[in-house]
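Understanding the architecture of this molecule
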Protein chains: 2
Amino acid sequence: MDDLLARAREKLAQLGYKWTDQRRDIIAYLAEDLNQHLSAEELYAILKERGEQIGLATVYRTLELMVEAGIVHKLQFGDGRSRYEVADADHHHHHLICNRCGQVFEVPMDWLEELEQSIEKDYDFEITGHHLKIYGICSACKKAAGGEKGDEKPL
Amino acid sequence: MDDLLARAREKLAQLGYKWTDQRRDIIAYLAEDLNQHLSAEELYAILKERGEQIGLATVYRTLELMVEAGIVHKLQFGDGRSRYEVADADHHHHHLICNRCGQVFEVPMDWLEELEQSIEKDYDFEITGHHLKIYGICSACKKAAGGEKGDEKPL
DNA sequence: ATTCTTGCAAAACCTTTGCATACTG
DNA sequence: CAGTATGCAAAGGTTTTGCAAGAAT
C-alpha cells in the first residue's frame, strides 16, 4: 500500500491539520512496512538515525493524531509501552504473542464477523473495532524447549 | 465465589509464598465482586479507605504475584495503567469498551474455541490464553447522542 | 498574517526498587 | 530463627505539556 501517504495527507487536511515534513516522514516510514508494531520511541530512534529532523514529542503527538484520524491503531502488548500499527482497513488480523520470547505474530484473518453481529444486536453496542490477542508459546520456543523459564525477553 | 480466598491461599503456599494480612485483604476485596477491572492505585485507595494497613508498593507486588499464580489476569484497556481482574477459570468472557464513556462491559461467552484450535494447528502455537477487546459506542452513549465529541471521560 | 506545529526541557504518571523493619512458617 | 514481606521514599521509564521559535495555509 503506497497510497497510505496520500490517504493520510487527505485525511489530515480534511480534519484541518497541516502537512509537515515530520508527519510525512512518520507516515512514509510506516508505509514501507505495514506489519510493524512500533513504539513511539522506536520510531523516533529510526527516523533520527535516518537523519530526519524530528523530536520525540512530535512523534508522540503525530501518532496520537493518526489514531484520531483512524490511520493507525494504538495497541498494548503488555510491555509497558504503547505500540502503533497501520490500520489497514481491508486487512483484518489478530495477534499471537509468545509468552516466552515476546514475539508477535500476525494471523491474517478475521473470524469475528458473526460474533460482532451478534454482539451489536444483543448489547445494542455499535462496534468500531476490536483487538484480539492470543497468548501462548510459539513454535520456535517450543522447539528450543527444555529452556527453563526465565529466558523471556519481551519484544 | 467465596473460596477464592482459600484457593489463593493454597496456591501461594504451594509456591512457597507467605500468607500475610495484606495479601488476604487484597484477595478478600477482589472476591467481593469478581467483575472488576481495578488498577493498582484504585485498589490501594479502596483498601486504605477501609482502614487497612497497606502500602501501594505492596499492592503492586501482590497483584504481580497473583498474576504469576494465575489467580488474576492483568489487562490493558488503553488508559495508561494496568488493570486486574480475577481469573475465573470457568467464566470465559470478553470486553466491550465504550470509546465515548470508557465503560467496560462483559460479554460472558467464549466464542473462540474453534478459532483457537485452528490456530494451534496452523501456527504450531501453544495457546495459553487470549484477550478480546471490542471497541465501540455503548447503548447509553448512543442514546445520549448528539452529544458532540469530546465528552469522553475514559474509565 | 494567522493559525498550527515543532523541539526542548520540565512535569506528570505509573511502576519498580533499595533498604531497614516487621512478620510468617 | 531464617527467610519473606512490608512500607517508605527514591529511582526508572513512558507519555504529556508549557512555551518560544518556526512553518504552513
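As the structure is a computational prediction, the values presented were derived from the model and not from experiment.

Cut-off values and rules
Residues numbered from 1 in each chain as written. Chains lettered and ligands numbered in written order. Predicted model: local features only at pLDDT ≥ 70, side-chain atom pairs only at ≥ 80, totals over all residues. Heavy atoms only, no water. Phe/Tyr/Trp six-rings, centres within 6.5 Å; stacked < 30°, edge-to-face > 60°. Helix = DSSP H or I, 4+ residues; strand = E, 2+ residues; numbered from the N terminus. Buried < 20%, exposed > 50% of the residue type's maximum accessible area, 1.4 Å probe, protein only. Contact = heavy atoms within 4.5 Å. Least-squares fit on C-alpha atoms with pLDDT ≥ 70 in both.

**As for the packing of aromatic side chains**
One pass over the structure, following the stated rule, counts 2 aromatic pairs over all chains. Ring geometry for Phe-105 of chain A versus Phe-125 of chain B: centroids 6.4 Å apart, planes at 70°, classification edge-to-face. Here Phe-125 of chain B lies in the loop between α5 (113-123) and β6 (126-137) and Phe-105 of chain A lies in strand β5 (residues 104-107), a pairing that spans two chains. The exposure class assigned to Phe-105 of chain A is partly exposed, which follows from its relative accessible area of 26%. Take Phe-125 of chain B: its relative accessible area is 1%, and that puts it in the buried class.

**Describing the side chain of Ser-39 of chain B**
Examined against the element boundaries, Ser-39 of chain B turns out to sit in strand β1 (residues 38-39). In this structure Ser-39 of chain B touches Arg-81, Ser-82 and Arg-83 of chain B, once residues within four positions along its chain are discounted.

**Here's the deal with the relation of the copies chain A and chain B**
The two copies are related by a screw motion: chain A maps onto chain B through a turn of 179° and a shift of 0.1 Å along the axis, at an RMSD of 0.3 Å. Look at the turn and shift together and you get a two-fold axis relating the two. When each C-alpha of chain A is compared by its distance to the rotation axis, Leu-132 of chain A comes out closest, at 2.2 Å.

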